[in-house]
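What follows is the residue order along each chain.
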Amino acid sequence: MNTQALMPNFGLELLDIDLSNPIDDACFDKILDLYFEYSVLLFRGQDMSPGCQAALAHRFGRPKIETRKQFNLKENPEVSTIGNAKDTDGKDAAFFVRGGFGWHTDGTSACHVDAATFLYAVEVPKKGGDTLLCSTSTAYKNIPQSLRDQLSDLKMLCSFHAHNDPLLETDRDSHIPLTEKERLALPPVWHDIVQVHPVTEQTVLYMNFDPIEFNSVSLNAGEKWLQEALAIATEDKYVYRHRWIPGDLLIWDNHAMLHSGTPTACYERDKRLMHRSFVYTQPTERTLENLEEVNEIFLPV
Ligand SMILES: O=C(O)CCC(=O)C(=O)O
Ligand SMILES: [Fe+2]
C-alpha cells in the first residue's frame, strides 16, 4: 500500500485506493489498523456515492444517525450534509455553523468515546473552509506535569443541548428544534479527561470545551485548565490544516484527535458541501445499548 505521512506524529494519506470498488477483508483490516495507528486517514480523488460512504461506515463500526435530522440523507441516513448549500427554495440544505468555529471532539454527549468522523468533500470553496486537526496524545505528553496532575482525576459532564441550544438561539435557520422525545434521548454524560486509548494504549486528553459541570472543581477552574491544555495542544507546529479538494475523504479518530472547522472566505459566492458520517468503533469499555433506539428517533422523515 502506498502511503504518505500528513504530519510527523499523526495522519496518513493512502494512495492508489478506490473506495468505490469492493475492498476485500485483508485490505480493509489493513486500513483499520492504519486508522488506529495514525488517527487520521486521507483518501483523495474518491468518487463516493452516499451509499458507498454508508457501507464503509458500517464496516468501521456502528454509525450514529445525526440529531439534526433534516440534514440526514433519506436513502442513506448514515450520511448527513454540512456546509452552506441551499435547496431550490433557498432553504439550508446542509447544517451550517454561522456563529464561528472552535476546537472540539465529536460525540462527547454519548457514553462511548471511540468514534470516527468521516468527512467527504463534494464541493469546496475557493478560499477557506479548511479543517484543522491535532493530536490528543501529543497534547498529554506536552502539558506540564502540574497540569497533568490537575486533570488526572477530573471528569466533565457533557450535554448535547448545552452545545446545540445556543446554536439554534443565535441562528434560527440552522436546524429544526428538537422535540421533547428527541431531547430526552440525549442526556448529559460524564467523561474522564485523561483516558487511555483502548487500541493504541496511548494516554490521551479527551476534551470538549463547553462542559456543564466538573466533578471536583468549579466550572471556571475546570475550564481554565482545559484552555491551558488546549493552548499547548494547538500550537501551530502541532496542527494539520486540511485544504480540501472535491473527492477527498478524511476519517479521524475522535479519541486521538481534536478538530476545528474554519470559515469559508465568501459564503455568498462559494459553496461548500460535505457528506459526513459518525461511527462508533470497537473496542470499547462503555457500551451503547440504546444506539438503535436513539438512531430510530432521528431517522429523516
Ligand atoms: O466542516 C468542517 O471542517 C468540520 C466540521 C466538523 O466539525 C464536523 O464535521 O464534526
Ligand atoms: Fe466536529
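If you're wondering where the values come from, they're calculated on a predicted model, not measured in any experiment. (Residues numbered from 1 in each chain as written. Chains lettered and ligands numbered in written order. Predicted model: local features only at pLDDT ≥ 70, side-chain atom pairs only at ≥ 80, totals over all residues.)

Things to note about the overall build of the chain
Part 1 of the argument: Each helix and strand counted, the chain has 8 helices and 16 strands in total.
Part 2 of the argument: Computed over the C-alpha atoms, the radius of gyration of the chain is 19 Å, within 12% of the 19 Å expected from 2.2 N^0.38 for a compact globule of 301 residues.
Part 3 of the argument: Dimensions of the chain along its principal axes, counting C-alpha atoms only, are 50 × 45 × 40 Å.
Part 4 of the argument: With 301 residues in all, the chain has 36% of them scored as buried.
Part 5 of the argument: For the chain, the share of sequence-separated contacts (at least 6 apart) that also reach a separation of at least 24 residues comes to 81%. (Helix = DSSP H or I, 4+ residues; strand = E, 2+ residues; numbered from the N terminus. Rg over C-alpha atoms; globule rule 2.2 N^0.38 Å. Buried ≥ 20, exposed ≤ 12 C-beta atoms within 10 Å, placed from the backbone. Contact = placed C-beta atoms within 7 Å.)

Considering helix 7 (residues 219–233)
Part 1 of the argument: A rise of 1.5 Å per residue sets the reference length of helix 7, with its 15 residues, at 21 Å; its end C-alpha atoms lie 21 Å apart and thus fit the reference within 8%.
Part 2 of the argument: Along helix 7, the positions that sit buried rather than exposed are Gly-222, Leu-226, Ala-229 and Ala-233. The buried residues of helix 7 occupy an angular sector of 60 degrees when the element is viewed end-on, so they sit on one face. Facing away from the buried surface of helix 7 by more than 90 degrees, the exposed residues are Asn-220, Lys-224, Gln-227 and Ala-231. (Expected span 1.5 Å × (residues − 1). Arc of directions from axis to C-beta.)

Quick notes on helix 2 (residues 50–60)
Part 1 of the argument: What helix 2 keeps buried is the set Pro-50, Gln-53, Ala-54, Leu-56, Ala-57 and Phe-60. On an axial view of helix 2, the arc spanned by its buried residues comes to 160 degrees, and they lie on one face.
Part 2 of the argument: Those residues of helix 2 hidden inside the fold are in contact with strand 4 (62–64), strand 6 (115–123) and strand 16 (273–280).

Section: the site of ligand 1
Part 1 of the argument: Close contacts around ligand 1 come from Ile-82, Asp-106, Thr-117, Leu-119, Thr-131, His-259, Gly-261, Met-274 and Arg-276, and that covers them all.
Part 2 of the argument: Looking at the shell around ligand 1 residue by residue, the classes come out as 3 nonpolar, 4 polar and 2 charged. (Near = placed C-beta within 6 Å. Nonpolar A, V, L, I, M, F, W, Y, C, P; charged D, E, K, R; others polar.)

Observations concerning the sheet that holds strand 7 (residues 131–135)
Each strand in a sheet pairs with its neighbour through backbone hydrogen bonds, running either in the same direction (parallel) or in the opposite one (antiparallel).
Part 1 of the argument: One open sheet accounts for 3 strands, arranged 13-7-15; its pairing is antiparallel. The sheet is open, and its two edges are formed by strand 13 (240–242) and strand 15 (257–261), each paired on a single side. Each strand axis lies, on average, 20 degrees off the axis of its neighbour in the sheet, ignoring direction.
Part 2 of the argument: Bridge count for strand 7 against strand 15 is 5 bridges, and the pairing is antiparallel. The partner of Ser-135 across the bridge, within strand 15, is Met-257. (Pairing = 2+ DSSP bridges. Axes fitted to C-alpha atoms, helices over the stretch in contact; angles between N-to-C directions.)

Quick look at the nonpolar core
Part 1 of the argument: Ranked by size, the top nonpolar core spans 53 residues in total, and within it Val-40, Leu-41, Phe-118, Leu-205, Ala-229, Ile-251 and Val-279 carry the most contacts.
Part 2 of the argument: What Val-40 contacts, discounting residues up to four positions off in sequence, is Leu-6, Phe-10, Gly-11, Leu-133, Leu-250, Trp-252 and Met-257. (Core = buried A, V, L, I, M, F, W, Y, C linked by C-beta atoms within 7 Å.)

Observations concerning the pairing of strand 7
Part 1 of the argument: Where burial is concerned, most of strand 7 is hidden: 4 out of the 5 residues are buried.
Part 2 of the argument: Here 3 bridges tie strand 7 to strand 13, and the two strands are oriented antiparallel to one another. Each bridged residue has a counterpart across the sheet, and for Leu-132 the counterpart in strand 13 is Arg-241.

Considering the pairing of strand 14 (residues 249–253)
Part 1 of the argument: Judged by how many residues are buried, strand 14 sits mostly within the fold: 5 of 5 residues are covered.
Part 2 of the argument: Residues Leu-249, Ile-251 and Asp-253 point to one face of strand 14 and Leu-250 and Trp-252 to the other, with burial holding for every one of them.
Part 3 of the argument: Pairing between strand 3 (residues 40–43) and strand 14: 4 bridges, direction antiparallel. Paired with Leu-42 across the two strands is Leu-250, which belongs to strand 14.
Part 4 of the argument: Pairing of strand 6 with strand 14 involves 5 bridges; the strand directions are antiparallel. When the bridges of strand 14 are listed, Thr-117 appears paired with Trp-252.

These values are about where atoms sit, not about what they do.
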